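# Report on the structure
Spelled out from the first residue to the last, the chains are:
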Amino acid sequence: MRDTLNDIVIVGAGMAGLHTAEALRERGFEGRLTLVGEEAHHPYSRPPLSKEVLTGVGMDPSGGGPGWLVGHRSLRLRDEAAVEGLDLDFRPGSRAVGLDTEAREVRVSGPGGVEAVRYDGLVIATGARARRPDTDLAGVHVLRTLDDAEAVRAALESGGRLVVVGAGFVGAEVAASARAVGMDVTLVEAAPTPLTRVVDPRIGEVLTELHRENGVDVRLGVGVSGYEGRGRVERVRLTDGSAVETSLVVAGIGVHLNTEWLRGSGVELLADGSVACDEYSATSVPDVYAVGDLANWPHPRYGGRIRLEHWTNAAEQGEAAAHNLLAGGEGRTPFTPVPYFWSDQYKLKIQLLGQGTPADQVTFVHGSPEDRKFVAFLGRGGMLTGVLGLRSTPRTMRYRGLLEKPTTWDEALEAAGVTPAR
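Residues numbered from 1 in each chain as written. Predicted model: local features only at pLDDT ≥ 70, side-chain atom pairs only at ≥ 80, totals over all residues. Heavy atoms only, no water.

Let's shift gears to helix α4 (residues 146-156). All of the buried residues along α4 are Leu 146, Asp 148, Ala 149, Val 152, Arg 153, Ala 155 and Leu 156. For α4, the elements touching its buried residues are α2 (52-55), β9 (140-142), β10 (161-165), α5 (169-180) and β16 (248-251). (Buried < 20%, exposed > 50% of the residue type's maximum accessible area, 1.4 Å probe, protein only. Helix = DSSP H or I, 4+ residues; strand = E, 2+ residues; numbered from the N terminus. Contact = heavy atoms within 4.5 Å.)

Time to look at a positive patch on the surface. On the surface, a cluster of positive charge is contributed by Lys 373, Arg 391, Arg 395 and Arg 398. You can call Lys 373 partly exposed: its relative accessible area is 40%. (Patch = residues over 30% accessible without salt bridge, like charges linked within 9 Å, V, L, I, M, F, W, Y side chains within 5 Å. Areas by Shrake-Rupley, 256 points an atom, 1.4 Å probe, with all protein chains shown as cover. Salt bridge = Lys/Arg side-chain N within 4 Å of Asp/Glu carboxyl O. Lys, Arg positive; Asp, Glu negative; His and termini not counted. Charge placed at Lys NZ, Arg CZ, Asp CG, Glu CD.)

Our next topic: the UniProt feature "domain: Reductase C-terminal" (unreviewed entry) in the chain. Those places that UniProt annotates as "domain: Reductase C-terminal" (unreviewed entry) correspond, in this numbering, to residues 340-412. Across residues 340-412, helical content stands at 19% and strand content at 51%; the span's end C-alpha atoms are separated by 18 Å. (UniProt positions renumbered as here; feature names shortened; annotations may be inferred.)

To continue, consider unusual backbone geometry. A positive phi angle, near 55 degrees, is found at Arg 104, a position not held by glycine. Tracing the backbone shows Arg 104 in the loop between β4 (95-100) and β5 (105-110). You will see that Asp 287, though not glycine, has its phi angle at about 65 degrees, which is positive. Relative to the assigned elements, Asp 287 resides in the loop between β18 (275-276) and β19 (288-290). Owing to a relative accessible area of 17%, Asp 287 belongs among the buried residues under this scheme.

Right, dumping it as structure tokens:
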């Protein structure tokens, strides 16, 4: 381990930031470790926000100690003792507002004002924030933070109709959760199928039917032209000229990356605001790494640069960056994961290994869409690029090894016991 690192600062106290901190301690870093978090809460897990928090499943009235997440067992990444054991200079309710890479200082705005926090090594893990609809009407929500989820849950308790704008994972999960608590739900998506950025349209069609079978009014290929009401939303106007009456909207329309504070610092930002990293998750500035939603790095198996907004990637990249920051030089290891994420909708688990789109080949190697239980291989250019499963966890995960190395389409089919077409 490099002996020149005495002060390491991690900006961002989500999954990526916490895992980075844990990995640094596990790898022997004994210096000062500062964790800066914009939210007032201790680090928590985001996937339950659109599921258990909205439905109330897994509530724990006993809660935790002061400052800890009360009533949300599923959100807790670590117990209080485990986090205290990391010996962090933890700064909740604080955010980075600037970076001076020559002086090696992060400017942090907190309860006591703005302070310059010095570092020898820096890990950027500030993630993203939800993109908000262009309206000030009450009743229009986004869902990215625990406070967002609490506000949506309180609104769901009033019953009535919900309009979900955007059928990505957040929107789809909110729709499923709202149906579970008895809401009437309309799901609006401008693309022709749900999860269009994530899975091939042929898979998207299956997910469309899943929503409809569970009573969701799915409107595809149509966007939102405006939100109407007197002080509070009363209807959502769609681009096809129709309107949906509602008093509650949840919009899942993408994110803004929290990288504005890096402008002018010398850390290279790409056109979408993401942080340009090399194969080690290192930025353009020495001893500064980036992890999680905002990191953009080259992946040898996917033909270019990738950026992942996945729970698993946040954890894995945090651990990789910690290793590389401490090792330095030739001791570093390229970060080449198999992307993995999942979604729980209507008590069914959807899993994707690798990349789901674009795909020019889709073959169901186990089960079928009609049975709502399958494993599908996704390919492009004669190579396997992804494996998607519905209600098929063991079989889906069995094929992870095929994506850890270049695997041709025919090799993949043979591994699944399917005879390639000739």
